[in-house]
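Examination of the molecular architecture
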Amino acid sequence: MTIHAEKIKQLRELKGLSQEKLSEQSGLSLRTVQRIENQETVPRGDSMKRIAEVLGVPMNQLRNTHDEPEIKPSASGRVKSLLTKYFYVPLIAAFVPFFLFFFKKNTLAKELLICSLALPLSVNANVPVPADYDGDGIEEVAIWRPENGYWYISTANKPWNSKGDECIISQFGTKGDIPVPGDYNGDGKDEMAVWRPSEGVWYISLDNQSFNSDAQNYRAIHLGQWGDIPVPGDYDGDGQIEIAVWRPYLGNWIISMDNHPFSEDDNTIETIQWGGEKDIPVPGDYNGDGKTNIATYRPGSIGSWYISLDNSSSSAENKEFWTIQWGTNNDIPRPIDTNGDGKLEVAIWRPSTGEWHISLNNESYTGDEDKNRKVIQWGANGDLPLPIDFDGDKKQEVSVYRPSVGHFYVSEKNKSWTNRLKSSVDIQW
């Protein structure tokens, strides 16, 4: 087999290893490591096994092929831990971040209380999926229920008991899917959509009605594989969401610029290396150019944000990027546009205190007296932080979803929790 020398180099650098360290830990000579990375020699099986063990990947992941081999769920407990971390703990690393792109239209300040549906299912089964499903510029209250694949959308943001005809109930998706609503055709309306990890297939509704195979009212696009994380966004600034996945163990972003299925000879598929296995993807428009920036957050005692301003690989020459230190251990990265300027501010939510720490100028933390830092106490441990907008005023409010009771709490005018009763709107849904 031929070896992907550049991939070996990227994986080595992601692990913070020098060629000398790789040589030392693998037992190979430094000259051998250098020759392998310079494509001056093809390593034998034993050498490749040693390198793969140090880099923490299967040997077949170092093959020189455009398409990465499929990872089977039973192949490694490592894949399961990735899914647990990124998909189910709980929807924070995977689907809330790209909501930030869909929901950049933002809301007028209000506390919004959304109760779970009066149906014989646990409220913990509800997944919040607010979006602009009718194209009126206002995000509608909505949930998706994994147990049966049903979407419940309030088109007028009215309480459940007074919804009347202003409600959409559609079956689209099944258990195990990840909801990924967004405007995939550029018509100004967000479509119901799911990504199916078991197949690596995106299912996108064309009319926001229930799945109908006879009517062909949906698109099915293959992109991704088991273990990937869906990260759709407008990466080229054309006003249309592109399907995309992030592959944690390689740090690769795989983006379909024309929403075509994956094909080795398709030049509309871009693969960009950015980030490492322990990072959390946080794509969004951080510089206000109308394009989604590839970005990752690296947890630690000092949380680090790595934002690519030109969406080029980390190994590319003359790349433009920001490195911002903001956050600490156990914080949850949750960028937000609080002032409506079209630029996301780096921000974290701290579960232990329920505090949002927002950098108003996307600069690193310099201390508690930093004038460009805003702190808002909103939420409690166990909540899911979710910046959203329900009236289209171009500003996002800090908000949380409380799974234990099925409630959304949205802050009015981004005030702290102690001021919540001064002006609020409650919606039971």
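In short, a report on the structure. (Residues numbered from 1 in each chain as written. Predicted model: local features only at pLDDT ≥ 70, side-chain atom pairs only at ≥ 80, totals over all residues. Heavy atoms only, no water.)

**Notes on the environment of Asn 372**
The line we're drawing: Secondary structure elements are defined from DSSP: runs of H or I of at least 4 residues count as helices, runs of E of at least 2 residues count as strands, and each element is numbered from the N terminus. A simple rule labels every residue: compare its accessible area, found with a 1.4 Å probe on the protein chains alone, to the largest value its type can have, and call it buried under 20%, exposed over 50%, or partly exposed in between. Whether two residues touch is decided by their heavy atoms; if any such pair falls within 4.5 Å, the residues are in contact.
Its location among the elements puts Asn 372 in the loop between strand S20 (355–359) and strand S21 (373–377). Here Asn 372 falls in the partly exposed class, since its relative accessible area comes to 33%. Spatially, the C-alpha atom of Asn 372 lies 8.4 Å from that of Ile 358, the residues being 14 residues apart in sequence. When neighbours within four sequence positions are excluded, Asn 372 is seen to be in contact with Ile 358, Ser 359, Leu 360 and Asn 361.

**Quick notes on the pairing of strand S19 (residues 347–350)**
How we decide: One bridge is not enough; two strands pair if DSSP finds at least two bridges between them.
Examined bridge by bridge, strand S18 (residues 332–333) and S19 share two bridges and lie antiparallel to one another. Its bridge partner lying in S19, Pro 333 is registered against Ile 348. Pairing between S19 and S20: four bridges, direction antiparallel. The residue bridging Trp 349 from the neighbouring strand is Trp 356, located in S20.

**Points about the packing of helix H2 (residues 19–26) against helix H3 (residues 30–37)**
The condition is simple: The axes are straight lines fitted to the C-alpha atoms, using for helices just the contacting stretch, and the angles between their N-to-C directions are given from 0 to 180°. Crossings are assigned a handedness: left-handed for a near helix turned anticlockwise from the far helix by less than a right angle, right-handed for a clockwise turn.
One way to put it is that H2 packs onto H3 with a least axis distance of 8 Å and a crossing angle of 120°. Note on packing geometry: the crossing formed by H2 with H3 is right-handed. Here Gln 19, Glu 20, Leu 22 and Ser 23 of H2 come into contact with H3, specifically with Leu 30, Val 33, Gln 34 and Glu 37.

**Considering the sheet that holds strand S11 (residues 244–247)**
Reading across the sheet, the four strands line up as S10-S11-S12-S13 and stay open at both edges, with antiparallel pairing between neighbours. Only two strands of the sheet have a single partner each, and these edge strands are strand S10 (229–230) and strand S13 (269–273). Pairing geometry for S11 and strand S12 (residues 252–256), over four bridges, is antiparallel. Paired with Val 245 across the two strands is Ile 254, which belongs to S12.

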